[in-house]
Amino acid sequence: MPRYNPAEIEPRWQAFWERHKTFATPEMPDLAGGKKKRYILDMFPYPSGDGLHVGHPEGYTATDIVSRFARMRGDSVLHPMGFDAFGLPAEEHAIKTGEHPRIQTYRNIETFTRQLKMLGFSYDWDRSLATTDEGYFRWTQAIFLVLYDTWFDAERQVGRPIAELPIPAEIAAEGPAAIARYQDRQRLAYQDDALVNWCPALGTVLANEEVVDGLSERGAYPVQRIPLRQWMLRITAYAERLEDGLDELDWPAGIKKLQRDWIGRSSGAEVDFYIGDQASFAGWMASRQGKPLTDVPAGDVLRVYTTRPDTLYGATYMVIAPEHPLVDALTAPSQAAQVKAYRDQASFKSDRERTEGDRAKTGVFTGSYAINPVHGQPIPIWVADYVLATYGTGAIMAVPAHDIRDFEFAVTFGLPVVPVIEPPADANDRDQVLAGKACFVGSGKVIGSGEFDGRDSADVKAEITQRLAGQGLGREAVNYKLRDWLFSRQRFWGEPFPILHEVDAQGQPTGVKRAVPDDQLPVKLPELADFKPHGRPEPPLEKAADDWLYVTLDGVRYKRETNTMPQWAGSCWYYLRYIDPKNTHALIDPVKERAWMPVDLYVGGAEHAVLHLLYSRFWHKVLFDRGHVSTPEPFGRLINQGMILGEVEFTGYQNEADEWVSSRDVRRDPQNNRVDARGSAVRAVVVPEDDVEKAGDAFVLKADPAIRIDSRAHKMSKSRGNVVNPDAVVREYGADSLRLYEMFMGPLEATKPWSMAGVGGVRGFLDRVWRMIVDERADEMGLSPAVVDEPCDAEQARVLHGTIKRVTEDTESLGFNTAIARMMEFTNFFTRCERRPREAMEAIVTLLAPYAPHVAEELWQCLRGDERPASDCVSTRAWPQWDEAALVQSEIEVPVQINGKLRGKVMVPAGADEAVVLAAAREDQRIAEMLSGKTLVKSIYVPGRLVNLVIK
RNA sequence: GCCGGAGUGGCGGAAUGGCAGACGCGCUGGAUUCAAAAUCCAGUGAUCGCAAGAUCGUGCGGGUUCAAGUCCCGCCUCCGGUACCA
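What this report covers is the structure whose coordinates are included nearby.

Among the five residues that make up strand E24 (residues 601-605), five are buried, leaving the element largely enclosed by the rest of the structure. Of the pairings in the sheet, the one linking E24 to strand E25 (residues 638-641) comprises four bridges and is parallel in character. Among the inter-strand pairings, Gly 604 is bridged to a residue of E25, identified as Asn 640. Crossover handedness for the path E24 to helix H21 (residues 611-625) to E25: right-handed.

Written out as C-alpha cells, the structure reads:
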C-alpha cells in the first residue's frame, strides 16, 4: 500500500526543513576541531517570466549535494540563493503593458522561489536577496561611489583614495576647479563621450547584444552609432592584476584562457614616425637623440604601436584609423573629398560591423607621407578601417610581408611588399615570401635590415626597440585589448547613479559633480507614469518629476544623474552581501567577511566566462585596495556546468516532390538554405525513432537504407519546441528523480542531451530503494520484514563499506554520476538479500540524502520509527565512515595475460607475493598449455591487478 | 581562419598506462498474472562456433610500451566560442 509517492512526501519534508530551519547558516563558521567553513555558491539567476529551465537545477543540484555533504561532515556551510533582477525584459514588459517592472520582477522572483523550494535545495532562504531590493542597491550605489572616489596608482599598482592623488603644481596653480577636473580624469568611474547604439525607430539605445548586423534584434530597424556622454569604469587600470591574479585560481583552464585573451596583453614598441618633409628629417632625428618619448606625441610625428619592431625595415606604408585625430592634418587637399567620404561611411559602422563579414580591405590614401626612421625613406599614409582607433595608438606601420592584414591590404591597393624575415628552410612557401608574393608571420633570419641582417628575428625585436629608445624615437610598450567598461545605460530598470550635477541659475550643468552623501543613499528610482521611450537618446529618468530630478544641497542646486547602471552591476558583488545580508551600516561586516570569504566553490554557466567573472573580479580588487574585503580574489574554485540539450532528434530531408534526400547530399547554399546536390531546396522532416536504424556509423531510414538521417540533440529553445519544463518533470517523477537524473546524465561539465526515459530510469532506482526498506504490501507505512536487526555478513559488509568509500570519494571529487551508480549497485545487491541488516539500510539512506533528500528523510523516519526526536532528520546526520578492514578479501581473482591478451584468471590469497602469484598463473591448466613449448621471456605482476607473461 | 571541448555498444555514459563497455535506458527470453501493467530473474559489442572458445573492436593512420580508450606524432568529423587588437 505505501508506495513511493514523491508528490506527497516532498512538500511535507520541505515544510519540515523550513519549520526547523534545518539549513540555517551560522553567523560565523564553527572551526573547532579542524572543521572547515565552506562557501558554496551558485550563479544567481535572472528571474525571467518563463520560470526555471532544466538547465538551472543542474548546477544547483550539484552545489546542493556538495553543501549537504559538507554539513553532514560537520563543516559550516554558507549556501545562499538570490536574484539578478534588474534587466531589460521586465522593462520591455512594462513598456508593453504599463505594469511597473517591479511588479513583474517580484512576481517572477516568487515563481522562481517556489520552483527552487520545490526541488528541495538547502539554501538558507533568510539570506536571499534581489539586486532590485532597495536595501541591496543602496550598497551597489555605495560601491560605485568607492570607484568614483578611487584613482589607480600605476606605479604601486593599487587603487587609492582620490584625495591622495598628487596634483601637479601647474594644475594646483589654476585653482580648485582645475584640480577637480584633474581628479575627475583620474577616477575609476569617469564620464566620457562614447558611442552608443541608438535606434531611432524604437526610440531607444540598445545594448551591443541587441544589435545584429547593424539592425535591432527586435524589429530589424537600423541602428546608428552616436556619441553620448557615458559613465565609464577604468577596468583597464587593473588589466595587469586581473591577468596575474588568474594564476592562483582553481578555474577551468579554458575559462582562464578566455579571460587572458579578453584582457589581451601584448607587448612591443611605440615608434614615432616623422611626418615633416624629408629635408628636415635629419634635423628632426638629431633633435630627438637621447630624449625620452613624450607621453603625448608631438604634432610632427605619427606614433604607432607594433608588436613586431623586428620588421620595421619592412614597413612600406602606414595606416591610421578613420577616427584618428591626425586625419585632417595628414589629408592633402587633392585627397580631401575621398577621405571625407570614406570617414563618413566608416562612421555609420560599428566596430563590430567593421570587423565582420568578408573582411575585404578598404581604405584611401591621405596624400601624405611619413618617414621610416630606420632607413629615412618616405612611405605613404593611408586611412583604413581595419585599423581601430581604440587600440594602441590608432595607427600602425604596415609590414605586408609579415602581417596577413597588411598583406591583403597591400595586394588590394598595389602597395610594395618587402620581406625582411627569411622563413626557415622547411617553410613551404618560402620562395614566394622572399619574392614578396606571400606573407610569413613567423620568426626567422632577418634580411634587408642593415646591421641586423643574419640575426634571429626574435632577438632583434628587443634590440631595435633599445636602439629606437636611445634615439628618442621609440620605447617599449604594452597594450591590452580590454577596453574601459561602458557602465551607463539609457534605461529605467536599473540602479540610479548616486551622482549629482551642479546646475546654474538657468538650469544648465556647470560641469561640477558631487557624490550623493552616504546618509542619503539609496537613490531610489522615481515613480514614472509611463515607461514608453520618448524618442530622444536620453535616459527615461529625464521624464521624472522635478522633485526627484532636482536636489538642493548646502544651498547649491543639482540635477540628478539620469543614466542607470547596467545589469552587471548588481551581480558584481552579491556574493559578499549573502554573508551579511541585513547589514544597514556597511556593505559587509569585515569580521564576517574575513570568516567566510573567499567563495570555495562557484558553479555556473560558461556564458559568464568573461564578462560577469571579470567585472566582479575587478570590483573585488578595488574593494580589496580600499580595505573593504580581505581576499585579492573572490572565487577560489570555479566549475562550469555543461549545457543540457533537448532530446535527440532524427531529422530527414525531403525535396519539393516529397522524395527523401539522403542527409549526405544535403548542403547549404550561399543564402544558408538547405539544398540537395542539384541545388534545389529541401526541407527538414522529423523522423520517428522507430523508422530509423543504424548502418555503419550513421542512421538510415529502415524503409530505404540509402537515405541517411541526421541524429543529434539541439539546444533547447521555444521555437524548436524541445524545452523541458521542470514543473512537469516534478509532477510526473518527483523532485528527487529530477535531481538524481540531472546528476546521473554524465559529468557535470559535459554537454548532454535530455532523455525522459532516463528520468524514468532513476525513478525506478528510487522505487527499488523504497521497496528494499519499506513493506509495500502492508496497509500502514512500515519496514519490510527483510530489514533485520543483525550485523552484516562478510560479503554484505564488503559491499556496504565499499559503497560508503566510493560514494564519499566520488562526491568529494564531484563525480556525482558514478556515485549514483555505486548506490545503484548497492541496491541491486541488497535487494537480492533476504536479510537486509538495518545498519546497511541506515547507511545507504544517509549516503542518498544529499542526492535525493526527500525520499531519504522519509526512509530514515521509517527506519528510526517513532522513537526519534521530532527534529531528528537524516539531513543533519553524520556522514558514515567506511571500515577499511571490511574491504579486505581473503582471496582475490587475478587476470592472467599472455603477450598482453587475457587468457585466464587465477584465484590467489590476498597479499600473496609475486612468486606465488606467478607460480599460480603458470600452473593454471589453460595457461600451462599455452606456455608449453614456448620460452617465457618476461613475467610481469602488477600487485593485485594482473599477470602478464611474455613468451616466444 | 583562430581558440576551446569531444569522438567508446542501438542510446546516455564508466574505466590511477593493467580484465574495455561499470551503472542506467532500450531490447530479448523466462517467472508471476485469467490478462495486462507493475515486479522479479537471466541475457545483451561484432563475427564465427552446438559448445569450449577464437578473431576483431574505443573516429582514421603511424609510434612508444610487456601492456594504450588512456602517452607521443600526423589527420578527419562534430559541438561550442570568437572575429582584422597591429
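Okay, the pattern of salt bridges next. Applying the stated criterion to the full structure yields 60 salt bridges. Residue Asp 580 pairs with Lys 592 through a salt bridge whose shortest N-O separation is 3.0 Å. In this pair, Asp 580 is assigned in the loop between helix H19 (574-577) and helix H20 (590-596) and Lys 592 in helix H20, connecting sequence segments 12 residues apart. Look at Lys 592 and you get buried, because its relative accessible area is 15%. As a salt-bridge pair, Arg 763 and Asp 767 come within 3.4 Å of each other at their nearest N and O atoms. A residue pair is termed a helical-turn pair when its members lie 3 or 4 positions apart in one helix, as Arg 763 and Asp 767 do in helix H24 (residues 756-773) at four residues. Under the relative-accessibility criterion, Arg 763 is labelled buried at 16%. The structure contains a network of salt bridges with shared partners spanning Glu 27, Asp 124, Arg 127, Asp 580 and Lys 592.

Turning our attention to the packing of aromatic side chains. All told, the structure shown has 47 aromatic pairs when counted by the stated rule. An angle of 55 degrees between the planes, with centres 4.7 Å apart, marks the rings of Phe 152 and Tyr 238 as tilted. With Phe 152 in strand E3 (residues 150-153) and Tyr 238 in the loop between strand E9 (224-233) and helix H8 (239-245), this residue pair connects regions lying 86 residues apart in the sequence. Taken individually, Phe 152 and Tyr 238 each receive the classification buried, so the pair is uniform in this respect. Between the aromatic rings of Trp 231 and Phe 497, the centroid separation amounts to 5.6 Å while the plane-to-plane angle is 20 degrees, which identifies the pairing as stacked.

Moving on, we come to the state of the cysteines. Under the definition given, this model contains zero disulfides. Left without a disulfide partner, Cys 862 is nearest to the cysteine sulfur of Cys 873, which lies 16 Å away.

Our focus in this paragraph is the packing of H24 against helix H27 (residues 838-848). Contact geometry for H24 and H27: axes closest at 11 Å, N-to-C directions at 150 degrees. Considering the angle they form, H24 stands roughly antiparallel to H27. Handedness of the crossing formed by H24 with H27: left-handed. Contacts from Phe 765, Leu 766, Val 769, Met 772 and Ile 773 of H24 reach H27 at Met 841, Ile 844, Val 845 and Leu 848. Residue classes in the contact of H24 with H27 are distributed as nine nonpolar, no polar and no charged.

Time to look at helix H5 (residues 134-148). Look at H5: 20 Å from first C-alpha to last across 15 residues, which is about the 21 Å you get at 1.5 Å a residue. Across the 15 residues of H5, 13 count as buried, placing the element largely inside the fold.

Attention shifts here to the sheet that holds strand E22 (residues 550-553). Sheet strands pair via backbone hydrogen bonds, and the direction of the pair is either parallel or antiparallel. Strand order in this open sheet of four strands is E21-E20-E23-E22, and the pairing throughout is antiparallel. Edge positions in the sheet fall to strand E21 (509-515) and E22, since each has one partner strand and no second. Ignoring which end each strand starts from, the neighbouring axes of this sheet average 40 degrees apart. Bridge count for strand E20 (residues 499-503) against E21 is four bridges, and the pairing is antiparallel. Its bridge partner being in E21, Leu 500 is matched across the sheet by Arg 514.

Turning to unusual backbone geometry, a few remarks are in order. The step from Leu 521 to Pro 522 runs through a cis peptide bond, and the omega angle for that step is 0 degrees. With respect to the secondary-structure elements, Pro 522 resides in the loop between E21 and helix H17 (546-549). Looking along the chain, the bond that leaves Met 597 and enters Pro 598 is cis, with omega of 0 degrees. Here Pro 598 shows up in the loop between H20 and E24. Its identity as a non-glycine residue notwithstanding, Lys 21 has a phi of 45 degrees, on the positive side. In this structure, Gln 157 takes a positive phi of about 55 degrees despite not being glycine. Counting through the fold element by element, Gln 157 comes out in the loop between E3 and strand E4 (158-161).

Parameters at a glance
- Residues numbered from 1 in each chain as written.
- Chains lettered and ligands numbered in written order.
- Predicted model: local features only at pLDDT ≥ 70, side-chain atom pairs only at ≥ 80, totals over all residues.
- Heavy atoms only, no water.
- Buried < 20%, exposed > 50% of the residue type's maximum accessible area, 1.4 Å probe, protein only.
- Helix = DSSP H or I, 4+ residues; strand = E, 2+ residues; numbered from the N terminus.
- Pairing = 2+ DSSP bridges.
- Right-handed = clockwise from strand over helix to strand, strands pointing away.
- Salt bridge = Lys/Arg side-chain N within 4 Å of Asp/Glu carboxyl O.
- Phe/Tyr/Trp six-rings, centres within 6.5 Å; stacked < 30°, edge-to-face > 60°.
- Disulfide = S-S within 2.5 Å.
- Axes fitted to C-alpha atoms, helices over the stretch in contact; angles between N-to-C directions.
- Parallel < 35°, antiparallel > 145°, perpendicular 65-115°, else oblique.
- Left-handed = near helix turned anticlockwise from the far one by under 90°.
- Contact = heavy atoms within 4.5 Å.
- Nonpolar A, V, L, I, M, F, W, Y, C, P; charged D, E, K, R; others polar.
- Expected span 1.5 Å × (residues − 1).

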